[in-house]
Every structure is written in structure tokens, then in C-alpha cells.
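Architecture at a glance
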Amino acid sequence: MNKKQIEKLIGSHYRKIKIQAGRIAGNADASNIHQLRVGYKKLRSHLRLFTFNGQHNQQTKAVKKLRRIYKVAGATRELQLQEQFITAALKVTGKKPKAYLSLLQNQILLLKKKLAQLSAKQITSTGKAVAQMHLPNQFGKNKFTIFFKAQKNAMEQIIAAGNFSDNNIHCIRKKLKDLFYNLNIYRRYHAAQPRIKEIIKHYEILLKELGDFHDQCTAIALLQPRILKTINNSNRQILQEVKKDWLKQKQMLKKELVNKLKAEIIILP
């Protein structure tokens, strides 16, 4: 890839994020927030790739202002998902922890107001200018290979050590997501063969499972004692039962994921 191609790719991400941030200002629903976050993750992954020659600080500066929107949008999404998970978990019993749901709704409203106040135009234009200052003139196959191997080695070290903490599983997910997004770029410019397509599909399935596990961890974290103690006893008892079931589900998910990560080789082209 030459610099013109790289600048075009990075510029397209900033334009899309600007549009998505504008949509959120008018309607911060779950779909719009999800699109913004996916756009940010793609941009971040590509900047990690193109600034991989020891220039990670430049990548950080390029997305620093955007990270604020990303984090607020992420917190909003977590609470929106929590509403859905709680409602689904109690659908059969018909129980409703109204005080807790009201707490979630109030927090979501506050976060939506914060999102509406953030200036998408200023944030994206500043970040784009910083990013383009530090993009390489050329980025060939060998540089892709170096980046891919570094991500693969980091994941394999965690798997080999057998330390499958929630944080380490999330770390594997982030490394795998970097591979996934950047393999799509590699395929477009350097290797449009069937095997690459198969590898990307393989990563997509694994990332879905890792994402479900991460959402489960977040849902449980939102039922911590410090949060539950702020609501009434009847709501607390309902949610403690939900949390108990979720902890069991999490353990089963984790066992399946660990077995899969141990058994499967992190494949590269």
C-alpha cells in the first residue's frame, strides 16, 4: 500500500465516525452507538497497524479525542444491554426490578446528554490531521507479516501460560480483533485468495463467542454489591438470583472458550 491508499482508508474512517457521531447527537439508540464503536475500533486497529514501527504514541494521539466519545458511547451501550438482559432473564417469571431499571434509565439519559454535547466535527478533524502526519509512505506485505506475527505471539503466550483470567481473555479478543480488521485490508490489497477468506470467517466466529463472554462479564459487574445496596430489598433479592444464574452461565461459557482456545491454532496466512 502507498501513502495515498493509506490516507484514503484512514480518512474514510474519520468521515464515517463523524457521520455516526452526528446521528448519535440526534438519536443515541443502541444501533447508532454500535456503529460508532465499530467504526472507532476499525480506525484504531488500522492505526495500530500503520504505526507499528515503535510509534504507538502517534496512534494514541490520533485517537485520543475520539476515545472520549467511544468511552461514553460504550458506557451507554453497556447499560442499554443490561436493560435487555434483565428483561430477558425475568421474562418467564414476570418479575420486574423497577427500581433498578429506573436507575439504569436515568444513567442512560445522563450519558446520552453527554454524547449530544461532544463536538464530532472538531474531534474528527483534529484526530485526522494528527493521524495523517504519521502515516508511512509505503506499507508492504512484510510489514503486515511482522504485525500479524506480533499479535499471534501475544495471544499464544497467554494460551501457553494457561492464565485464562477474564482480563486475559479480553486481551486475546482485542488482539484477535486487530488481526480480523487488518486481514480484511491485507486481503483487499495483497492477497485475495480463498484461504484468507476462510481465516477471516474463522476469526469472525471466534470473536462473536468472545464478545458474548465479555458482555456476560459486564452484565455481572453491573450487579456488584455496591450497586445493589442502593436499591430496595425486593429488587435486590430478584437481582441476586439473576446474578447467581449469570455466574453459572459465565463459567460454562468460559470453559467452552478456554477449551477452544487451547485446541485451535491461531492461524495466519
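Refer to the preceding data block for the structure.
Residues numbered from 1 in each chain as written. Predicted model: local features only at pLDDT ≥ 70, side-chain atom pairs only at ≥ 80, totals over all residues. Heavy atoms only, no water.

**Some points on the overall build of the protein chain**
Counting its regular elements, the protein chain contains ten helices and zero strands. Listing the helices and strands of the protein chain from first to last along the sequence gives α-α-α-α-α-α-α-α-α-α. Looking at the protein chain as a whole, 43% of its 269 residues are labelled buried. Nonlocal contacts in the protein chain, meaning residues at least 24 apart in sequence, comprise 80% of its contacts between residues at least 6 apart. For the protein chain, the exposed area adds up to about 14700 Å²; of that, 51% sits on carbon and sulfur atoms. (Helix = DSSP H or I, 4+ residues; strand = E, 2+ residues; numbered from the N terminus. Buried < 20%, exposed > 50% of the residue type's maximum accessible area, 1.4 Å probe, protein only. Contact = heavy atoms within 4.5 Å. Areas by Shrake-Rupley, 256 points an atom, 1.4 Å probe, with all protein chains shown as cover.)

**Focus: the packing of aromatic side chains**
One pass over the structure, following the stated rule, counts ten aromatic pairs. Ring plane angle 90° and centroid distance 5.2 Å describe the contact between Phe52 and Phe147, whose orientation is recorded as edge-to-face. One end of the pair, Phe52, is in the loop between helix H2 (30-50) and helix H3 (56-89); the other, Phe147, is in helix H6 (residues 141-161), with 95 residues separating them in the sequence. The structure contains a cluster of three or more aromatic residues connected by ring pairs, namely Phe50, Phe52, Phe139, Phe144, Phe147, Phe148 and Tyr186. (Phe/Tyr/Trp six-rings, centres within 6.5 Å; stacked < 30°, edge-to-face > 60°.)

**Some remarks on empty space enclosed by the protein**
Rolled over the atoms, a probe as big as a water molecule pinpoints where empty space is left. Enumeration over the complete set of coordinates arrives at three cavities of 30 Å³ or more. In this structure, the largest cavity spans a volume of roughly 50 Å³. If you go around the largest cavity, the residues you meet are Arg77, Glu78, Leu81, Gln82, Phe85, Asp215, Thr218, Ala219 and Leu222. For the lining of the largest cavity, the secondary-structure elements that each account for two or more residues are H3 and helix H8 (194-221). Residue composition of the lining of the largest cavity, grouped by class: four nonpolar, two polar and three charged. (1 Å grid on protein atoms, 1.4 Å probe; cavity = no way out; pocket = protein on both sides within 12 Å on 5 of 7 lines; lining within 4 Å. Points joined across faces, edges and corners; volume = space filled by probe spheres on them. Nonpolar A, V, L, I, M, F, W, Y, C, P; charged D, E, K, R; others polar.)

**Quick notes on the side chain of Gln80**
As for its position among the elements, Gln80 is in helix H3. At 3.2 Å, the side chain of Gln80 forms a polar contact with the backbone oxygen of Ala28. Leaving out residues up to four positions away in the same chain, Gln80 has contacts with Ala28, Asp29, Ala30, Ile33, Ile108 and Lys112. (Polar contact = N/O pair within 3.5 Å; in protein donor to acceptor, adjacent residues only side chain to side chain.)

**Remarks on the packing of H6 against helix H7 (residues 166-189)**
Between H6 and H7, whose axes approach to 10 Å, the crossing angle comes to 160°. By the angle between their directions, the pair H6 and H7 is classed as roughly antiparallel. Here H6 and H7 pass one another in a crossing that is left-handed. Residues Lys141, Phe144, Phe147, Phe148, Gln151, Ala154, Met155, Ile158 and Ile159 of H6 pack against Asn168, Cys171, Ile172, Lys175, Leu176, Asp178, Leu179, Asn182, Leu183, Ile185 and Tyr186 of H7. Along the lines of polarity and charge, the residues of the contact of H6 with H7 split into 14 nonpolar, three polar and three charged. (Axes fitted to C-alpha atoms, helices over the stretch in contact; angles between N-to-C directions. Parallel < 35°, antiparallel > 145°, perpendicular 65-115°, else oblique. Left-handed = near helix turned anticlockwise from the far one by under 90°.)

**Brief notes about the packing of H7 against H8**
Where H7 meets H8, the closest approach of the two axes is 9 Å, and the angle between their N-to-C directions is 150°. With respect to each other, H7 and H8 are oriented roughly antiparallel. The handedness of the crossing between H7 and H8 comes out as left-handed.

**Looking at the side chain of Lys250**
Following the sequence through the fold, Lys250 ends up in helix H10 (residues 233-263). Taking relative accessible area as the criterion, Lys250 reaches 12% and is therefore assigned buried. Non-local contacts of Lys250, meaning those with residues more than four positions away in its chain, are made with Asp166, Phe213, Gln216, Cys217 and Ile220.

**Description of the nonpolar core**
Counting 74 residues, the largest nonpolar core has Ile10, Phe50, Tyr100 and Leu115 as its most contacted members. Setting aside its immediate chain neighbours within four residues, Tyr100 contacts Gln82, Ile86, Leu222, Leu223, Ile227, Ile231, Asn235 and Leu239. (Core = buried A, V, L, I, M, F, W, Y, C linked by side-chain atoms within 4.5 Å.)

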